[in-house]
Amino acid sequence: MTSILYIGGTGTISAACVRRSVSLGHRVAVLNRGSARRPLPPEVELIEADIRDAGSVRTAIGDRRFDVVAEFLAFTPDHVATDLDLFEGRTGQYVFISSASAYEKPPRRLPVVESTPLRNPFWQYSRDKIACEDVLVAAHRDRGLPVTIIRPSHTYDERLLPTLGGWTDIARMRAGRPVIVHGDGTSLWTITHSDDFAVAFTGLLGNPAAIGDAFTITGTHAPTWNQIYDWLADAAGVDSPDLVHVASDTIASFAPDLGPGLLGDKAHSMVFDSSKVTELVPGFRTTVTFDEGARRILAYYDANPEAQRVDDGLDAAFDRIAAHARSAG
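In this text, all values refer to a predicted model and were calculated from it rather than measured experimentally.

Reading guide: rules and limits
- Here the residue index of a chain counts from 1 through its sequence in written order.
- With the structure being a predicted model, the display of local features is reserved for residues of pLDDT at least 70 and the display and counting of side-chain atom pairs for 80 or more, all residues being used for whole-chain, interface and lining totals.
- For side-chain calculations, the full set of non-hydrogen atoms in the structure is used, while hydrogens and water are omitted.
- Only runs of H or I of at least four residues qualify as helices and only runs of E of at least two qualify as strands under DSSP, and these elements are numbered from the N terminus.
- We take the radius of gyration over the C-alpha atoms and set the globule estimate at 2.2 Å times the residue count to the 0.38 power.
- Throughout, exposure labels follow a simple rule: accessible area from a 1.4 Å probe, protein chains only, divided by the maximum for the residue type, with under 20% read as buried, over 50% as exposed, and the rest as partly exposed.
- We call two residues in contact whenever any of their non-hydrogen atoms come within 4.5 Å of each other.
- Throughout this description, the term salt bridge denotes a Lys or Arg side-chain nitrogen within 4 Å of a carboxyl oxygen of Asp or Glu.
- Strands were regarded as paired on the criterion that DSSP finds at least two bridges between them.
- An axis is simply a line fitted to the C-alpha atoms; with a helix, the fit covers only the stretch in contact. Between two such axes, the angle follows the N-to-C directions and lies from 0 to 180 degrees.

Visitor: Could you give me a rundown of the overall build of the chain, with the residues and numbers involved?
Guide: Secondary structure summary: the chain contains 12 helices and 11 strands in total. For 329 residues, the compact-globule formula gives about 20 Å, and the C-alpha radius of gyration of the chain, at 20 Å, lands near that figure. Each of the three principal axes of the chain carries a C-alpha extent, and together these read 65 × 40 × 40 Å. Counting only residues that meet the buried cut, the chain has 54% of its 329 residues in that class. Considering only contacts within the chain whose residues lie at least 6 apart along the sequence, 76% involve residues at least 24 apart.

Visitor: Give a detailed account of the pattern of salt bridges, specifying residues and quantitative values.
Guide: Counted under the stated rule, the structure contains 17 salt bridges. Taking the shortest distance from any N to any O, the salt bridge between Asp 319 and Arg 172 comes out at 2.9 Å. Note that Asp 319 is positioned in helix α12 (residues 312-327) and Arg 172 in helix α5 (residues 167-174), a separation of 147 residues in sequence. Among the residues examined, Asp 319 registers a relative accessible area of 34% and is labelled partly exposed. Classification of Arg 172 by relative accessible area gives buried; the value is 0%.

Visitor: Account for the sheet that holds strand β2 (residues 27-32), with residues named and values stated.
Guide: In space, the seven strands of this open sheet follow the order β3-β2-β1-β4-β5-β6-β10, with parallel pairing throughout. Edge positions in the open sheet fall to β3 (45-48) and β10 (213-217), since each of these has one partner strand only. When the angles between neighbouring strand axes are averaged without regard to direction, this sheet yields 20 degrees. Sheet topology places β2 next to β3; four bridges connect them, and they run parallel. Note that in β3 the partner of Asn 32 across the bridge is Glu 48. Together, β1 (3-7), β4 (68-71), β5 (94-97), β6 (147-152) and β10 form the strand contacts of helix α6 (residues 194-204), whose direction differs from that of β10 by roughly 165 degrees.

Structure below.
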C-alpha cells in the first residue's frame, strides 16, 4: 500500500486521481483548507492546512512521511521552494503538476513530445510553470530530489466546459444568439477526460522508472473545435448553433482576459504523442471521447441550475465581437 499526500485533491484533475488512488487500495490523504470543490471518498484523510502558510502545514503534518507527495497547487517557483522546504527528505516521490501549455507556441512540429522545447511568450502562467520545472530539475540534478513532472493539456470533467465562454456559450446557444469560435474552428485540440487522465497519473505514483523524468498525460482524442462546439450544442438540444468564427487576435483585442490562454494555447493545433507514459502505464487509453463528455457536462449543469452562471461582461464582449465580425463581412 502506497501512502499518498495530495495537495489540493478536489479540483478537476486531482479529484479523479484521488478517487482512482483510493480504488487501487492506496492510503490517501488530502491537504487543503477544508473546502471541497468536489466530494472526497470517505476513505480519504483530510488534513486541513493552507499550503501557502508553511507553518500551518508543519503543524498539521508533524513529522509524517509520505511515499508520494502530489502537488496540484504550485504555480510559481516560490511555491515550489516552499514545498521543497516542507517535503524534501520526507517523501520518496514529489510529483509536480506542470502544464502542456509550457511547450513552445506555436508548435513547430506535431505531435508534441516531452523533448519539445518549453517556451511560451504569450502566457505568464505557462512561463511560471516552466520556471517551476527549472527549480525541480536543478534540485534533482544537484541533490537527487525524487521528482516526477506531469504535463497535462486540456483535462475536463462534468463540471468544466472547455469553450471560451463556458456556460455563457451554452446559454447563448439555447437563446439562438451567436457563439464565438476562435479561428476557423478546424484546428485540432486534444481534450482528455479526468477519469482517463487518472489512470496514467496513478500508474506513475511510486513507480521508480518515473523518477527524474517528465511525462505528458493526454489522451489520443483530438477533435476540431467545430466538433467540440457542435457536440455541446447537440447535448444542449440545439440543432443549428449560430457559430461565428473570429480570428484569435481579434477576440483577444475585444476580450483581453481571454488573450493569454487563447494565443498561448487554444489557438494552435495541439496533438501529443502519449507513448512515453503508456510504456510505463500500458492500461492508459482514451475511453471517454468528447461526444460522450459533452452529454455528461450538460446533464450535470441541467441537474444543477445553481452552476449555470452567465458571465455578463463576457456575454457583452461576445456581442461586440459578433457584431464586428459580421460588419467586417
